[in-house]
Amino acid sequence: MRNLADQLVNYANYHRDRRNILTHFVGIPLIVAAAAILLSSPHWLLAGWTLSPATLVALLCSLYYLRLSLGLGLVMTVLLGLALWAGQAAVQAGLWLPLGIGLFVVGWVFQFIGHYFEGKKPAFLDDLMGLAIGPLFVVAELAFLLGLLPGLKAEVEGRAGPVH
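Quick caveat, the model's predicted, so the values are computed rather than measured. (Residues numbered from 1 in each chain as written. Predicted model: local features only at pLDDT ≥ 70, side-chain atom pairs only at ≥ 80, totals over all residues. Heavy atoms only, no water.)

**Student:** Even after reading the chapter, I still don't get helix α4 (residues 70–92), so can you show me in this structure?
**Tutor:** Side chains three or four residues apart in an α-helix point the same way, a direct result of the helix having 3.6 residues per turn. With 23 residues, α4 should cover 33 Å at 1.5 Å per step; its first-to-last C-alpha distance of 33 Å lies within 8% of that length. Leu 72, Gly 73, Met 76, Leu 80, Ala 83, Gly 87, Gln 88, Ala 90 and Val 91 are the residues of α4 that are buried. (Helix = DSSP H or I, 4+ residues; strand = E, 2+ residues; numbered from the N terminus. Expected span 1.5 Å × (residues − 1). Buried < 20%, exposed > 50% of the residue type's maximum accessible area, 1.4 Å probe, protein only.)

Structure (structure tokens):
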């Protein structure tokens, strides 16, 4: 299994244009929310917990992120928890299907606009793990913008090249 830096570098190789990264700050959260919403139905109650396909996907992703990085994994776990909450709220409001589809389509429009700027195809077309790494990449890029994780940023930029 590739480590955190290897995963981020692989993903970053498809994302060096600043405009592409900025569109991902919008598109990826919309897609994650859409996936959580769409996978929140059907759902079942078990010992006071609401379980759904979204719960299973979020759990598996959280475990993977935590294995890559405790700090970023905790952030991702919280964000996925919020996405699960949004999914259940959409189901309870009876809006899960139109809201999920709408967010999914808008999120992908942002993604493809960004890749038009980049001039490269999305990473997941070469490696399906890109679908899981994309949200982590956005959180890491936000951390880099905030001046956090300078060593990881230097490694990613040293291996994938600077953002332009």
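**Student:** Would you mind showing me how to read the environment of Arg 67 here?
**Tutor:** With respect to the helices and strands, the residue Arg 67 is situated in helix α3 (residues 53–68). Judged by its relative accessible area of 58%, Arg 67 falls in the exposed class. In the structure, Arg 67 is positioned 36 residues away from Ile 31 in sequence and 23 Å away in space, judged by C-alpha atoms.

**Student:** Just to check I follow, could you spell out empty space enclosed by the protein for this structure?
**Tutor:** Take a probe with the size of a water molecule and roll it over the atoms, and the empty space left behind shows itself. On inspection of all chains with the given rule, the structure shows one cavity of 30 Å³ or more. Approximately 30 Å³ is the volume found for the largest cavity. Secondary-structure elements contributing two or more residues to the lining of the largest cavity are α1 (4–12) and α6 (130–145). For the lining of the largest cavity, the leading source of residues is α1, giving three residues. Each residue belonging to the lining of the largest cavity can be placed in one class, and the counts come to four nonpolar, three polar and one charged. (1 Å grid on protein atoms, 1.4 Å probe; cavity = no way out; pocket = protein on both sides within 12 Å on 5 of 7 lines; lining within 4 Å. Points joined across faces, edges and corners; volume = space filled by probe spheres on them. Nonpolar A, V, L, I, M, F, W, Y, C, P; charged D, E, K, R; others polar.)

**Student:** I tried to follow the pattern of salt bridges on my own but got confused; where do I start?
**Tutor:** Pairs can form between side chains of opposite charge once their charged atoms are near each other. Scanning the entire structure with this criterion turns up five salt bridges. In this structure, Arg 159 and Asp 6 form a salt bridge, with 2.7 Å as the shortest nitrogen-oxygen distance. With Arg 159 in helix α7 (residues 150–160) and Asp 6 in helix α1, the pair connects residues that are 153 residues apart, well separated along the chain. Since its relative accessible area comes to 24%, Asp 6 is described here as partly exposed. Two residues, Arg 16 and Glu 141, come together in a salt bridge whose shortest N-O distance is 3.9 Å. In this pair, Arg 16 is assigned in the loop between α1 and α2 (18–38) and Glu 141 in helix α6, connecting sequence segments 125 residues apart. Of the two residues examined, Arg 16 and Glu 141, each falls in the buried class. (Salt bridge = Lys/Arg side-chain N within 4 Å of Asp/Glu carboxyl O.)

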